[in-house]
Amino acid sequence: MNELQERLAWRGISRRGFLKYCTMLASLMALPPAAGQAMAEALARARRPAVIWLPFQECTGCLESITRSHTPTIEGLIFDALSLDYSETLMAAAGHQAEQALKRAVEDNAGRFILVIDGSVPTGLNGAYSCIAGRSNLDLLREVAPKAAVVIAMGSCAAFGGIPAARPNPTGAVAISEIVRDKPLVNIPGCPPIPVVMTGVIAHYLTFGSLPELDRLRRPRAFYGETIHDRCYRRPFYDRGLFAKSFDDEGARQGWCLFELGCKGPVTYNACAHVKWNDHTSFPIESGHGCIGCSEPGFWDAGGFYRPLSAPAGPLKLAAGAVAAGAAVGVAVAIANRARKGAARAAHVTATVADLEKADGGER
Amino acid sequence: MGLEAIPVVVEPADLAAARAVLRELAVLVERLLATGEGGAIDLGVLPLTPAARAWLIDRLGRGEVEIRLTAGGQSTITETGCAGVWWVRHGNEAGVVTSELLEVAYVPGLVPVSRAEVENGLQRLNSGLDGLN
Ligand code: SF4
């Protein structure tokens, strides 16, 4: 048995269980089924790749998402099976010992380690807003990133600035990609991000020696290729113009679309609707709350979680009856916006929340 | 004689993907016979409508073997009526189906035990015997 299998077996995960997990991973990443076997073999063979996890201006929710999504997560175990050489949140060492561990991990694995960062980088006051061991995040990133093989910006703060960068952005927070410009970098946004996306990216890297295909925001296409709306189980209600008007009305009880209650699903690219959360249990819309768009740039400043988007983003397929009854929201607005959306689609550009937000806001 | 007497088979309009699956399965089975190497088709990434899916299940039929695997949740591996083609459904611990494949093989890849596992089994047997001595 190799080291990974031994560790998995010790935690009660058999070879078959692991292979099954890799098959699922390959399927989620739209890779051919044989890739599952290849991934399992590559992960088992791989010299435990060194991972350095730097926490910057963040809330630790991303790390919680990976390590505690359910017990025990295979994501967590694979993560564990990697050589996590530095994570000041998880490691037992503290103070000078921890700093020594970081220095040693960077030197011993120069050019080979995977650098995972959660949190944004404050650039105000020369980075003084967030420091570890007396050094600013900015300083640390500039020193460590050039020696990494790949950089994973984990969560919306690292990927796009997130909440720290929300207006008025008092600390001058920026995304990792603003500082790290000459390294292979993948953004895994979400507040928090879906754990399996990180495992998928790392498994892909270890199996094929490259990052998976990314979109223009450097997100893995396999997980961020479709909107929540594209895969939402409430979509048939949207298409029929059936919308809940408040969280406790008859429509809400019937499971109707949450568009008018501010759902940002139509402009949010993420895999929640099919990968789901808590061991595939559900995702927020299944709990009766609209998508808040947490994996999109600037979601915090997008005008309010309960403020509806101005126009449906997908093709309107309203039944004649629904239109006649005036049941649909903003049909006229939709027509007014169609040209803009059409242009965005033609140029294959993602329409942003700001593009679609109601100018006057708030009315339902 | 009315028009209804003329036999017309109307197939659902969305069968293209299901037909493609059948065709690809035939290629994989031919390869299995020729080289011993099979393959698999991931149903999770195919846009199969419920009607197309039902049609596919119907066409493939049901074989004699059904295997239940308990490893990180329940999986079922069902032999189809076309020997060598297995319908594989993997579930997680919450009972949710996480992936679904059609596997072409003499024996599905997850079923055989590895040499290391047999060696472990032998050790276990021997230690059990030791306890009896
Ligand atoms: S608007 Fe939201 S709730 Fe309605 S179908 Fe789209 S994603 Fe689902």
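Residues numbered from 1 in each chain as written. Chains lettered and ligands numbered in written order. Predicted model: local features only at pLDDT ≥ 70, side-chain atom pairs only at ≥ 80, totals over all residues. Heavy atoms only, no water.

Q: Can you walk me through the state of the cysteines in this structure?
A: Disulfides are covalent bonds that connect the sulfur atoms of two cysteines. Residues and elements named next belong to chain A. A complete count under the given rule lists zero disulfides over all chains for this structure. No disulfide involves cysteine 62; its nearest neighbouring cysteine sulfur is the one of cysteine 59, lying 6.2 Å away. Taking relative accessible area as the criterion, cysteine 62 reaches 12% and is therefore assigned buried. Unpaired in this structure, cysteine 131 has its nearest cysteine sulfur neighbour in cysteine 157, at a distance of 18 Å. (Disulfide = S-S within 2.5 Å. Buried < 20%, exposed > 50% of the residue type's maximum accessible area, 1.4 Å probe, protein only.)

Q: Teacher, can you tell me more about the domain arrangement of chain A here?
A: One widely used convention gives an interface's size as the accessible area the parts lose upon coming together. Residues and elements named next belong to chain A. Domain annotation for chain A reports domain 1 (3–223) and domain 2 (228–346). The partner domain 2 presents 16 residues to the 21 residues of domain 1 that form the contact. Summed over both partners, the interface of domain 1 with domain 2 buries about 1,600 Å², with 66% contributed by carbon and sulfur atoms. Contact with domain 2 buries area across many residues of domain 1, yet Ile194, Arg219 and Phe223 alone supply 29% of it, more than any other trio. Counting across the domain 1 and domain 2 interface gives one salt bridge. Note that arginine 219 and glutamate 296 form a salt bridge whose closest N and O atoms lie 3.0 Å from each other. Only α8 (155–160) and α10 (195–208) provide two or more residues apiece to the side of domain 1 that touches domain 2. A per-class count over the side of domain 1 that touches domain 2 returns 14 nonpolar, five polar and two charged. (Domains from an automatic or database assignment. Contact = heavy atoms within 4.5 Å. Buried area = accessible area lost by both parts, 1.4 Å probe. Salt bridge = Lys/Arg side-chain N within 4 Å of Asp/Glu carboxyl O. Helix = DSSP H or I, 4+ residues; strand = E, 2+ residues; numbered from the N terminus. Nonpolar A, V, L, I, M, F, W, Y, C, P; charged D, E, K, R; others polar.)

Q: Looking at this structure, how should I read the interface of chain A and chain B?
A: At the interface, 16 residues of chain A touch 28 residues of chain B. Surface buried jointly by chain A and chain B totals about 1,600 Å² across both partners, of which 57% is contributed by carbon and sulfur atoms. Applying the counting rule to chain A against chain B returns one salt bridge. We note a salt bridge from B:Glu117 to A:Arg15, for which the minimum N-O separation is 3.0 Å. Taken together, the links from chain A to chain B amount to nine residue pairs in polar contact (both at pLDDT 80 or more). Grouping the constituent residues of the side of chain A that touches chain B by class yields six nonpolar, six polar and four charged. (Polar contact = N/O pair within 3.5 Å; in protein donor to acceptor, adjacent residues only side chain to side chain.)

Q: Would you mind showing me how to read the environment of A:Asp301 here?
A: Residue and element names in this part refer to chain A. Inspection of the secondary structure assignment puts aspartate 301 in the loop between α14 (272–275) and α15 (320–324). For aspartate 301, a relative accessible area of 25% puts it in the partly exposed group. Once the C-alpha coordinates of aspartate 301 and tryptophan 53 are considered, the two residues, 248 residues apart in sequence, prove to be 28 Å apart. Those residues in contact with aspartate 301 that sit more than four places away from it in its chain are Ala165, Ala166 and Arg167. Reaching out from aspartate 301, the side chain makes a polar contact with the backbone nitrogen of arginine 167 at a distance of 2.8 Å.

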